[in-house]
Amino acid sequence: MKDIVIPAARIKKEIAAVLISLIIAFLINVYSIIKYQTSWVELFSQIGYVVFIAIIIYIISVVLRALIYIAKKVFVKKL
Amino acid sequence: MNKIYQSRRDFLRNLAITGSVATLAASPWLGAFSNTPFKGKGPNDKVRLSVIGTGIRGRQLLRLLFTFASEANVTVSSLCDNFAPHLEEALEICHLNGVKPKTYTDYRDVIEKDKPDAVLIATPLHEHARATIDCFSAGIHVFCEKSMARTLDDTRAMYDAHIASNRILVVGHQRLFNPVYLEGMQRIHNGELGTIGQIRAYWHRNNDWRRPLPNNDMKFERQINWRLYKEYSAGLLTELMSHQIQVANWALQQSPVSVMGTASIRFWRDGREVHDNVALIYSYADGTKCIYDSMISNKKYGLEEQIMGHLGTIEFETNRQYSEKDESIKAPGIQQMISDIENKVFDKLPIGGASWVPEIAVGDQGKKIIENDQFSDTALQLEALVNFIRKGSAPEKLTKEGYNASIWTLLGENAIDTGQELKMPEKYII
């Protein structure tokens, strides 16, 4: 079986994407606490929702990047 | 199983513990037990009561009377009914409680021979006025079941006789003595519900409202099922609504200015003359409306009086107060936001062609008005009656509440019969 080699640059890129997704989800939680005047304890108690939203954002980013990659390929071939 | 009710003493003790005494202090009920002098009968003198009309309600009054009779130094001196089985059953209740009252078949014998301190009148509605006025003429105090009388003129005559004789007239609107109502009314009058815009009241049952006839003998039909015939009763209006229009007037601290209504015999088409399905709107001078309906072919919603202000709602029969603010436990902010986003997405979906979003009811689950509601308001009212007799007078406000509720009940019947919006004729204003 052939080994799949993920370059270090790719791993760094994906870790960065996950971290950015987590930060965005965290900020959404902060915004909702302020907007709905609920308790700051939710910064920790709602961590499950934050992780869930982060995963959604990350998946969206993966899909977007894939679309961009495909579009680039098609565009480059035509050129 | 019979409910175990709190005694007056226990009830007052509980009020003191919960701190509700202050809010109830102004109530006519506690006023009856205040330390004002006894101008009627001394505390050591036995109060003699007679029950005129020993049907289901009369016997219920009798049973409740015996729950406090010895403590309050009260006795039942006589019973009166022209229907022998009812009289015998009432006599049996008295015997079980060690009391041997005289029995009569004509209320005039109660007045002339027994001469009680007060009578409890629980006869069919059309007989209230004659018996009440004759008792007043003989100097006897009267507790009269609601509604006061079958006609507007009889109702007025009863009130006039009460004033002329200076005798006590207590009408059987027991909610006036119900601590849930006393506390709730205090809150309404203090403005806790804000501006009351509407009162909704209803009384729904699902039965034919008939009582069984002895041996199914139709000769007793009108005597036993008098509530079904217009000659004796206005049906759901005088027997049920009378209570609730009294509550509405009490909550708003005013009487209506007009009433309109409609009614039908929709389901129980069995020869009865009174409606089994009624709907009325009472209007008040400040614009408040009391919307009333009663039916006896569906009981999903049961019985309620809903006092609806811009800050909250009280539902008396279920002992609950609700806030217009959603005081239910808040969902976490992030969940609320997700929910709002979902709502925004799906609310845009057209329903039935047009863009339409249903109004969502306030989610507040409400709070009990008072915690311990195990009491019989009728027993409390009867206890108060005994104390009024000892004091020689009762608050006139109570009598006026009963009078106005009775008059507006009958005006409701007239509005239905004529199909017009009616105001109170000058001659019935007190």
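In this text, all values refer to a predicted model and were calculated from it rather than measured experimentally.

1. Focus: the interface of chain B and chain A
Residue-level contacts link ten residues of chain B with twelve residues of chain A. The largest per-residue losses of area from chain B upon contact with chain A belong to Gly333, Ile334 and Met337 of chain B, which jointly make up 51% of the total buried on that side. At the boundary of chain B with chain A, the tally comes to zero salt bridges. At the boundary of chain B with chain A, the tally comes to five residue pairs in polar contact (both at pLDDT 80 or more). The residue makeup of the side of chain B that touches chain A, split by class, is five nonpolar, three polar and two charged.

2. Focus: the pattern of salt bridges
Residue and element names in this part refer to chain B. What the rule picks out here adds up to 23 salt bridges over all chains. When the shortest N-O distance is used, the salt bridge between Arg222 and Glu231 registers 3.5 Å. Accessibility expressed as a relative area gives 33% for Arg222, which makes it partly exposed. The salt bridge involving Arg272 is made with Asp270; its shortest N-O contact spans 2.9 Å. By relative accessible area, which is 6% here, Arg272 ends up buried.

3. Focus on the nonpolar core
Ranked by size, the top nonpolar core spans 112 residues in total, and within it Leu62, Ile188, Leu280, Tyr282, Ile307, Phe316 and Leu382 of chain B carry the most contacts. For this core, the element with the most residues is helix H11 (residues 236-252) of chain B, which contributes ten residues. Among the nonpolar cores identified, the runner-up in size contains five residues, and Ala25, Val50 and Ala54 of chain A together with Ile334 of chain B belong to it.

4. Side note on helix H13 (residues 377-391) of chain B
Residues spaced three or four apart along an α-helix face the same direction, because each turn holds 3.6 residues. All names here are of chain B. Between its first and last C-alpha, H13 extends 21 Å over 15 residues, near the 21 Å set by a 1.5 Å rise per residue. Of all 15 residues that make up H13, 15 are buried, and the element is covered over most of its length. Of the residues one or two after H13, Gly392 is the one with positive phi, at around 90°.

5. Details of the confidence of the model for chain A
On average, residues of chain A score 91 in pLDDT, and 97% of them are at 70 or above. Within chain A, helix H3 (residues 47-78) of chain A has the poorest average pLDDT of any element, 91, and helix H1 (residues 8-35) of chain A the best, 94.

6. Brief notes about the sheet that holds strand S10 (residues 289-295) of chain B
All names here are of chain B. Read from one edge to the other, the open sheet built from eight strands follows the order S8-S9-S10-S7-S11-S12-S13-S14, with strand pairing classed as mixed. Strands at the two margins of the open sheet, each flanked by one partner only, are strand S8 (258-264) and strand S14 (367-368). The pairing of strand S7 (residues 196-204) with strand S11 (residues 303-309) spans seven bridges and is antiparallel. Counterpart to Gln198 in the pairing with S11 is Met308. In this fold helix H14 (residues 396-418) packs onto S8 and strand S9 (277-283), with an angle of close to 60° to the strand it touches most, S8.

7. Comments concerning the sheet that holds strand S5 (residues 141-144) of chain B
Strand pairing in a sheet relies on backbone hydrogen bonds, with the paired strands running either antiparallel or parallel. Residues and elements named next belong to chain B. Within the open sheet, the six strands sit side by side as S3-S2-S1-S4-S5-S6. Their pairing is parallel. Sheet topology places strand S3 (102-104) and strand S6 (169-171) at the edges, where each strand pairs with a single neighbour. Pairs of neighbouring strands in the sheet enclose a mean axial angle of 20°, with direction left out of account. Across the face of the sheet, helix H4 (residues 56-66) comes into contact with strand S1 (47-52), strand S2 (74-80), strand S4 (118-121) and S5 while running at roughly 165° to S2.

What counts, and where the lines are drawn
What you see as residue numbers is a count from 1 along each chain, following the sequence as written. Chains and ligands are labelled sequentially in the order written, the chains with letters from A and the ligands with numbers from 1. It should be noted that, the model being predicted, local features are given only for residues of pLDDT at least 70 and side-chain atom pairs only at 80 or more, the latter also being counted only at that level, while totals for whole chains, interfaces and linings use all residues. The side-chain figures draw on all heavy atoms in the structure; neither hydrogens nor water molecules are used. Only heavy atoms matter for contacts: two residues are in contact if any of them lie within 4.5 Å across the pair. We define buried area as the total accessible area lost by two parts upon association, computed with a 1.4 Å probe and summed across both. Salt bridge, as used here: a side-chain nitrogen of Lys or Arg that lies within 4 Å of a carboxyl oxygen of Asp or Glu. N or O atoms within 3.5 Å of each other form a polar contact, as long as, within protein, one can give a hydrogen and the other can take it, and as long as residues adjacent in sequence are counted only when both atoms are side-chain atoms. Note that Gly is not counted as nonpolar here; it falls among the polar residues with everything else outside the nonpolar set of Ala, Val, Leu, Ile, Met, Phe, Trp, Tyr, Cys and Pro and the charged set of Asp, Glu, Lys and Arg. Between buried and exposed lies partly exposed: a residue is buried under 20% and exposed over 50% of the maximum accessible area for its type, with that area taken using a 1.4 Å probe on protein chains only. In this text, buried Ala, Val, Leu, Ile, Met, Phe, Trp, Tyr and Cys residues form a nonpolar core when linked through side-chain atoms within 4.5 Å. Secondary structure elements are defined from DSSP: runs of H or I of at least 4 residues count as helices, runs of E of at least 2 residues count as strands, and each element is numbered from the N terminus. One less than the number of residues in a helix, times 1.5 Å, gives the span that helix is expected to have. Confidence of the predictor at the level of single residues is captured by pLDDT, which takes values from 0 to 100. Pairing between strands is defined by DSSP: at least two bridges between the two strands are required. Between N-to-C directions, angles span 0 to 180 degrees; the directions come from axes that are lines fitted to C-alpha atoms, helices contributing only their stretch in contact.

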